[in-house]
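Okay, here's what each chain looks like letter by letter:
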Amino acid sequence: MPDFVFSLTQEEKDYLKKLVTQSVAFGINPSDGPFGPPEPPTDKLREQLGAFVTLKMGGNLRGCIGNVQGSGKLFRTVWDMAQQAAFHDPRFPAVNEHDVDALEYEISILSPIDVCPDPEKVEVGRHGLIMSRDGRSGLLLPQVPVEWGWDRETFLSQTCLKAGLDPDAWKEPGTTILWFEAVVF
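Predicted, not measured: the structure shown is a model, and the values here were computed from it.

Reading guide: rules and limits
- Positions within a chain are numbered from 1, following the residues in the order the chain's sequence is written.
- Thresholds applied to this predicted model are a pLDDT of at least 70 for local features of residues and 80 or more for the giving and counting of side-chain atom pairs; totals over whole chains, interfaces and linings are not thresholded and use all residues.
- Each side-chain value is worked out from all heavy atoms of the structure, with water and hydrogens disregarded.
- Helix numbering and strand numbering both begin at the N terminus, where a helix is a DSSP run of H or I of at least 4 residues and a strand a DSSP run of E of at least 2.
- Values of the radius of gyration come from C-alpha atoms, whereas the globule rule sets the reference at 2.2 Å times the count of residues to the power 0.38.
- The cut-offs for exposure are 20% and 50% of the maximum accessible area for each residue type, with area from a 1.4 Å probe on protein chains only; residues under the lower value are buried, those over the upper are exposed, and the others partly exposed.
- Contact between two residues is taken to exist if any of their heavy atoms lie within 4.5 Å; hydrogens are not considered.
- Neither His nor the chain ends is counted toward charge; the positive residues are Lys and Arg and the negative residues Asp and Glu.
- For this purpose, a charge sits on NZ of Lys, CZ of Arg, CG of Asp or CD of Glu.
- To qualify as a nonpolar core, a set must consist of buried Ala, Val, Leu, Ile, Met, Phe, Trp, Tyr and Cys residues joined through side-chain atoms within 4.5 Å.
- When two cysteine sulfur atoms are found within 2.5 Å, that pair is recorded as a disulfide.
- The length a helix should cover is 1.5 Å for every residue beyond the first.
- Criterion used throughout: strands pair if DSSP finds at least two bridges between them.
- We call Phe, Tyr and Trp rings a pair once their centres come within 6.5 Å, taking the six-membered ring for Trp, and we label the pair stacked below 30 degrees between planes, edge-to-face above 60, and tilted otherwise.

S.K.: Give me the lowdown on the overall build of the protein, citing residues and values where you can.
M.R.: When you go through the protein residue by residue, the secondary structure sums to 4 helices and 8 strands. From first element to last, N terminus to C terminus, the protein shows the α and β order α-β-β-α-β-β-β-β-α-α-β-β. In terms of overall dimensions, the protein is globule-like: its C-alpha atoms have a radius of gyration of 17 Å, near the 16 Å expected for 185 residues. Looking at the protein as a whole, 47% of its 185 residues are labelled buried. In the protein, of all internal contacts separated by at least 6 residues, the share reaching a separation of at least 24 is 73%. Both charge centroids of the protein, one from 17 positive and one from 27 negative side chains, sit 2 Å from each other.

S.K.: A description of the nonpolar core should follow, citing residues and the corresponding values.
M.R.: Counting 29 residues, the largest nonpolar core has L8, L16, V53, L74, V78 and I109 as its most contacted members. Counting only elements with at least two residues in this core, the list comes to α1 (10-28), β1 (50-57), α2 (74-87) and β3 (103-110). Take this core: its biggest share by element is 9 residues, from α2. Once you skip the residues sitting within four places of it in the chain, V78 turns out to touch L16, L19, V20, A51, V53, I107 and I109.

S.K.: Give me the lowdown on the state of the cysteines, citing residues and values where you can.
M.R.: Inspection of the entire model under this criterion finds 0 disulfides. Of all cysteine sulfurs in the structure, the one in C160 sits closest to C64, which takes part in no disulfide; the separation is 19 Å. On the accessibility criterion, C64 (18% relative accessible area) is buried. With a relative accessible area of 0%, C160 lands in the buried category.

S.K.: Pulling in residues and values, what's your account of α2?
M.R.: The end-to-end C-alpha separation of α2 is 20 Å, in line with the 20 Å expected for 14 residues at 1.5 Å each. Counting buried residues in α2 gives 11 out of 14 residues, a clear majority hidden from the surface. Those residues of α2 not exposed but buried are L74, F75, T77, V78, W79, M81, A82, Q83, A85, A86 and F87. Taken together, the buried residues of α2 touch α1, β1, β2 (60-67) and β3.

S.K.: Outline the sheet that holds strand β5 (residues 128-133), supporting the account with residue identities and numerical values.
M.R.: With respect to topology, 4 strands assemble into an open sheet ordered β4-β7-β5-β6, the strand pairing being antiparallel. Edge positions in the sheet fall to β4 (114-115) and β6 (136-140), since each of these pairs with one other strand and no more. Alignment of β5 against β6, held across 5 bridges, turns out to be antiparallel. If you follow I130 over to β6, its bridge partner there is L139.

S.K.: So, the packing of aromatic side chains: which residues are in play, and what are the values?
M.R.: Under the criterion given, the structure shown has 2 aromatic pairs. On the numbers, 6.0 Å between centres and 40° between planes, the contact of F26 with W79 is tilted. Highlighted residues: F26 in helix α1 and W79 in helix α2, separated in sequence by 53 residues. The class for F26 is buried, based on a relative accessible area of 15%. Each ring, one from W148 and one from W150, has its centre 6.2 Å from the other, and the planes form 20°; the classification is stacked. A relative accessible area of 62% places W148 in the exposed class.

In structure tokens, the structure reads:
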């Protein structure tokens, strides 16, 4: 996999962070507007890339939803994923107005997805993984194994478990391992 050369300026990161907070605020009180994402400051934010928005409260996961492959302009994807993470992650109740001030936001912009040629090449902290087999799939972002202190094999096994597979399924023929990189802020 070639290095993911996509990068963002501080202005672009600030815009996306503000966009996420606006999206969540809009979801809580739609009458406050804006009724959609404001136009981005640069063309780079109009590229078609995947993105995840992660919400945390007190350091604990509160919601995380993403689109692994861009299906539209990046800034619109981030707006939509913020809405999904805040109000439609089935693992958590919808965010409410009392939660907003305590929310911490993390945005991950994903490189294009590719087949991992060799599990030995997976680098903790650099690569995110998608494990799939028999119609099941699971994804873990590059920052997850770092947060949990996992080594490469644990990361591969945990991605299998996220997919509802046996933890050693990554070693078996018929299991597809996809990888990607991400800009996380």
